[in-house]
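Summary of structural features
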Amino acid sequence: MANLNDKFSLDDMRDLDQRLNHIFEQVTHYQTRSNAGLTELQLLNTIDHLCRVSGMLCDVIEQQIEGHYIESSDPLSYIDKNLGTVETGVKNFLKVKKIDIE
């Protein structure tokens, strides 16, 4: 069984984190949000929170690869909270658009 260091390098994780931060900056930028309608804002909020979750996972993996204890306080709670926001946003979007997937 491979360990984390065999699957990810620090450079890989830092690159992923940088890419996620760039996406986060784009979707939360004033110009992006001020030019978006309600439906687009819902999508931007979903992307925002998914970037936050992914960023936290990158941070935790980086810390583990570096051999540190997990320095982020309560990463599971942070991830759970942001995924909850995403789930609510998607549920509301589907409801407003009258899309029944289940």
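See the structure printed just above.
A few points on the structure. Everything numeric here is computed off the predicted structure, so don't read it as measured data. (Residues numbered from 1 in each chain as written. Predicted model: local features only at pLDDT ≥ 70, side-chain atom pairs only at ≥ 80, totals over all residues. Heavy atoms only, no water.)

Considering the nonpolar core
How we decide: By nonpolar core is meant a set of buried Ala, Val, Leu, Ile, Met, Phe, Trp, Tyr and Cys residues that side-chain atoms within 4.5 Å join together. The classification of residues rests on relative accessible area computed with a 1.4 Å probe and restricted to protein chains. Under 20% of the type maximum is buried, over 50% is exposed, and intermediate values are partly exposed. Helical segments are the DSSP runs of H or I of at least four residues, strand segments are the runs of E of at least two, and each set is numbered from the N terminus. Should any heavy atoms of two residues lie within 4.5 Å, those residues are counted as being in contact.
Met13, Leu20, Cys51, Cys58, Ile61 and Ile65 together form the largest nonpolar core, which totals 6 residues. Those elements that place two or more of their residues in this core are helix 2 (10-28) and helix 4 (38-65). It is helix 4 that provides the largest number of residues to this core, a total of 4 residues. Filtering out sequence-adjacent residues up to four positions away, Cys58 remains in contact with Met13, Leu16, Asp17 and Leu20.

Overview of the side chain of Asn82
Topologically, Asn82 is positioned in helix 5 (residues 75-96). We classify Asn82 as buried; its relative accessible area is 5%. For Asn82, the contacting residues outside a window of four places in its chain are His49, Arg52 and Val53.

Some points on the pattern of salt bridges
To keep it simple, the criterion reads: Just to be clear on terms, a salt bridge is a Lys or Arg side-chain nitrogen sitting within 4 Å of an Asp or Glu carboxyl oxygen.
Inspection of every chain in the model, using the stated rule, returns 3 salt bridges. A salt bridge links Glu62 to Arg14; the shortest N-O distance between them is 3.6 Å. Separated by 48 residues along the polypeptide, Glu62 in helix 4 and Arg14 in helix 2 bring together distant segments of the chain. A relative accessible area of 12% means that Glu62 is categorised as buried.

These results come straight from atomic positions and should not be treated as a statement about function.
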